[in-house]
Amino acid sequence: MWAVLHTFLFTKKIKFTKAYYFLAGYALLVILSTIFSKYPQIALNGFIERKEGMWIVLCYILLIISSFNLIESKQQLKAMVYSLGISGSFVSIISIFQYYGMDILSTEFVKNIMISKDIQAQVKDFSIKFGEKYSYGVFYNPNYLGGYISFYAPLMLSYAIISKSKREKIIFTVFFILSTFALYGSRSEAGFLGAVGAIALTLLIFTFRYIIKNKSSDEYKKVFLTRLLPVLLALIIIPISLSYIPISENPLTKIRTQLVKMLEPSDLKNKNYKEVGPINDIIQIDEHTIELVIKNKSTYINVDKNLSLTILDDNKNIMWKENVNEIEEKKNYKLKNNKHYESYVLVRKTQDNQKYGIQYYLRSFSGYLYFVVDNGDIRLADISYKVIDLEKDLKVADYIGFEGKGKLASGRGYIWSRSLPIMFDNIIIGTGQDTFITEFPRYDIYGKQVELSLYNMWTLTDKPHNTYLQIGIHSGLLSLIIVLAGLLILLYKSFKNVIFDDEYLDFNIISFGILGFMISSIFNDSIIAITPIVYILLGINVVGLIKTKNKKVDS
């Protein structure tokens with residue numbers, strides 16, 4: 001807030017740059033998407049926990065504008081970089097302790113700082129745990145730690161390379177090494193790809209930069225030995241030092257495995273999910289009877305006016321019959337004489353005491369179906385016993401690609417395949433910020449049972465796990481094109497300036513961090529804990545372009 005007020009009230013001269021066109025276009029589409037959203041309150045203020053509504057996104061845009069208007073001198077830039085470096089080193093140290101089983105954030109001292117006494121009184125059992133040898137830093141997910149390191153590590157490396165002072169070179173190298181430890185502890189493939197991709201390009205561009213400087217062969221050797229070789233050794237030694245992580249859980253191994261799965265041919269192309277999955281169909285025969293077609297065999301669930309619940313097999317033989325008023329709550333009843341699969345029934349009262357919820361456990365397939373009994377009528381329901389409209393909601397969702405690859409990247413294959421049609425349905429304006437959860441096909445149980453599993457059939461998906469899909473859905477495909485065009489132009493010009501320009505090198509190398517974040521964003525969502533930092537870096541990067549351009553004009 002202070003930065004925005006200072007920019008527009010006290011800055012003597014607002015800088016002009018073509019970046020305004022991209023920012024204005026994106027902001028306009030965000031606003032229009034909110035105005036025409038079916039869920040304006042969510043679009044304005046964001047969804048529960050995420051809170052990235054229109055106001056927050058517009059603040060992100062204002063942060064970019066403030067950054068390239070407030071930051072002018074190299075001293076200001078150095079203060080920003082040192083602030084980021086020091087804060088990131090604390091995040092890295094916390095992550096390293098977590099990796100070795102010493103989670104600072106789970107101690108009583110830190111817990112008392114983070115959580116008020118009132119909340120602690122209500123929540124008796126408080127713990128933060130992601131399993132042994134996992135790091136999450138100060139974020140609530142190891143993937144977000146990976147996303148943070150994906151821009152932090154390339155930045156620290158870049159400043160270690162260009163720093164002329166030995167002291168600064170050592171400081172930034174230490175920051176970089178600490179961040180690689182944290183990255184490895186996060187086990188985040190997204191962060192690993194982003195950081196390593198940006199670091200590889202950083203080394204490549206700097207190598208090319210020194211080649212075109214017409215230096216002697218002795219100078220090349222000196223540059224390589226003092227600047228590039230130590231970094232390469234650090235990248236090799238650090239993973240080896242942590243090599244007692246099981247090889248199957250190593251990020252490199254995981255990435256290779258995912259790539260192999262991605263390239264494998266699928267036998268599910270052009271096949272009907274209903275025919276492939278164990279649940280072939282769910283049919284509402286009448287108000288009192290539902291037919292389940294499982295493994296091509298029918299099971300009938302019937303409730304009469306006296307609330308007598310009967311389950312019959314495909315030959316109409318009774319497998320189980322009880323009155324729901326007399327059933328012992330929370331007790332699993334095994335269905336007898338079911339030759340096709342093992343199943344159990346559990347009956348309980350819902351929050352509305354006039355209704356009964358039926359949990360039908362398909363033990364053979366590790367999945368559950370839910371039903372609601374209301375005054376002798378029976379309806380299919382979700383895990384919270386909300387009635388599902390069979391005609392409107394229960395159908396195979398539209399999808400693009402990833403057939404047979406739904407489990408790819410921890411289920412991202414399925415999520416992306418169902419998210420792409422939503423994005424292409426919102427070309428000009430989107431569904432509104434943070435409304436992804438309202439648009440994603442929640443009841444695509446036929447697709448989920450095949451691409452994921454019956455166990456995951458009722459999992460609620462509140463984000464696309466891809467920042468670009470997130471933008472394309474929330475504010476429209478056009479806004480995504482605008483954002484990507486702006487970022488690609490920024491990177492191209494910055495990389496060119498890094499190679500050919502010396503004076504504003506410290507501004508332009510911000511682009512390496514932005515590239516790392518862009519790569520990791522293919523697998524991560526935008527979150528309020530990290531994205532503001534990236535937008536500030538974008539603004540600083542724009543300063544580098546403006547200064548380099550003005551220098552060329554003046555000369």
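Everything discussed here concerns the structure shown above.
Thresholds, definitions, all that
- Residues numbered from 1 in each chain as written.
- Predicted model: local features only at pLDDT ≥ 70, side-chain atom pairs only at ≥ 80, totals over all residues.
- Heavy atoms only, no water.
- Phe/Tyr/Trp six-rings, centres within 6.5 Å; stacked < 30°, edge-to-face > 60°.
- Helix = DSSP H or I, 4+ residues; strand = E, 2+ residues; numbered from the N terminus.
- Buried < 20%, exposed > 50% of the residue type's maximum accessible area, 1.4 Å probe, protein only.
- Lys NZ or Arg CZ within 6 Å of the ring centre and 35° of its normal.
- Expected span 1.5 Å × (residues − 1).
- Polar contact = N/O pair within 3.5 Å; in protein donor to acceptor, adjacent residues only side chain to side chain.
- Contact = heavy atoms within 4.5 Å.
- Salt bridge = Lys/Arg side-chain N within 4 Å of Asp/Glu carboxyl O.
- Pairing = 2+ DSSP bridges.
- Patch = residues over 30% accessible without salt bridge, like charges linked within 9 Å, V, L, I, M, F, W, Y side chains within 5 Å.
- Areas by Shrake-Rupley, 256 points an atom, 1.4 Å probe, with all protein chains shown as cover.
- Core = buried A, V, L, I, M, F, W, Y, C linked by side-chain atoms within 4.5 Å.
- Axes fitted to C-alpha atoms, helices over the stretch in contact; angles between N-to-C directions.

Draft legend 1. The arrangement of the packing of aromatic side chains in detail. Summed over the entire model, instances satisfying the criterion amount to 26 aromatic pairs. Here Tyr-414 and Phe-440 contribute two aromatic rings whose centre-to-centre distance is 6.1 Å and whose plane-to-plane angle is 75 degrees, an arrangement assigned as edge-to-face. Remark: Phe-440 occurs in the loop between helix 15 (436–439) and helix 16 (445–451) and Tyr-414 occurs in helix 14 (residues 408–424); sequence separation between them is 26 residues. Of the two residues, Tyr-414 and Phe-440, neither departs from the other in class, the shared state being buried. Taking 5.3 Å as the distance between ring centres and 35 degrees as the angle between the ring planes, the aromatic pair formed by Phe-436 and Phe-440 counts as tilted. For Phe-436, a relative accessible area of 1% corresponds to the buried category. Through pairs of rings, three or more aromatic residues link up here, namely Tyr-344, Tyr-361, Tyr-368, Tyr-370, Tyr-385 and Trp-458. The ring of Tyr-446 has Lys-274 sitting right over it, with the charged end atom 4.8 Å from the ring centre. In this structure, Lys-316 is placed above the aromatic ring of Tyr-300, and the distance from its NZ or CZ to the ring centre is 4.7 Å.

Draft legend 2. Main features of helix 9 (residues 166–186). Between its terminal C-alpha atoms helix 9 stretches 30 Å, which fits the 30 Å expected from 21 residues at 1.5 Å a residue. At the N-terminal end of helix 9, a side-chain oxygen is found 3.3 Å from the backbone nitrogen of Arg-167, two or three residues along, and the residue is Ser-165. Immediately downstream of helix 9, the backbone of Arg-187 shows phi near 55 degrees, a positive value.

Draft legend 3. Fine view of the environment of Met-80. Summarising the element assignment, Met-80 is placed in helix 5 (residues 74–99). Remark: the alpha-carbon pair of Met-80 and Ile-536, spanning 456 residues in sequence, is separated by 9.8 Å. Met-80 has contacts with Ile-71, Ile-536 and Ile-540, leaving out every residue within four places of it along the chain.

Draft legend 4. Seen up close, the pattern of salt bridges. Under the counting rule described, the total for this entry stands at 10 salt bridges. Ionic pairing is found between Glu-439 and Lys-38, a salt bridge with its closest N-O pair at 3.7 Å. Placement of Glu-439 in helix 15 and of Lys-38 in the loop between helix 2 (19–35) and helix 3 (40–45) is noted, with a sequence separation of 401 residues between them. The exposed category is assigned to Lys-38, whose relative accessible area is 62%. One salt bridge connects Arg-50 with Asp-434, and the closest N-O pair in it is separated by 2.9 Å. Separated by 384 residues along the polypeptide, Arg-50 in the loop between helix 3 and helix 4 (54–70) and Asp-434 in the loop between helix 14 and helix 15 bring together distant segments of the chain.

Draft legend 5. Seen up close, the pairing of strand 10 (residues 377–381). Where strand 9 (residues 367–374) meets strand 10, 5 bridges bridge the pair, whose relative direction is antiparallel. Paired with Tyr-370 across the bridge in strand 10 is Ala-381.

Draft legend 6. Highlighting a nonpolar patch on the surface. Judged by side-chain polarity, Ile-93, Phe-97, Tyr-100, Met-102 and Ile-104 come together as a nonpolar surface patch covering roughly 420 Å² of accessible area. Mapped onto the fold, Met-102 is located in the loop between helix 5 and helix 6 (108–114).

Draft legend 7. Here's a closer look at the nonpolar core. Tyr-148, Phe-151, Tyr-159, Phe-206 and Ile-530 are the most contacted members of the largest nonpolar core, which has 95 residues in total. The biggest single contributor to this core is helix 8 (residues 142–162), with 14 residues. Tyr-148 has contacts with Leu-84, Ser-87, Gly-88, Val-91, Phe-139, Ile-530 and Ile-533, leaving out every residue within four places of it along the chain.

Draft legend 8. Local environment of the sheet that holds strand 5 (residues 318–323). Here we have 5 strands laid out as an open sheet, ordered 1-2-3-4-5, and antiparallel in their pairing. What marks the edges here is a single partner per strand, and that holds for strand 1 (279–286) and strand 5. Taking the axes of each pair of neighbouring strands and ignoring which way they run, one obtains an average angle of 15 degrees across the sheet. Here strand 2 (residues 289–294) runs beside strand 3 (residues 297–303); their pairing, made up of 6 bridges, is antiparallel. Paired with Ile-294 across the bridge in strand 3 is Lys-297.

Draft legend 9. Geometry of the side chain of Ser-521. Within the secondary structure, Ser-521 sits in the loop between helix 20 (510–520) and helix 21 (531–554). Residue classification places Ser-521 among the buried residues on the basis of a relative accessible area of 2%. Beyond its immediate sequence surroundings of up to four residues, Ser-521 is in contact with Asn-466, Thr-467 and Tyr-468.

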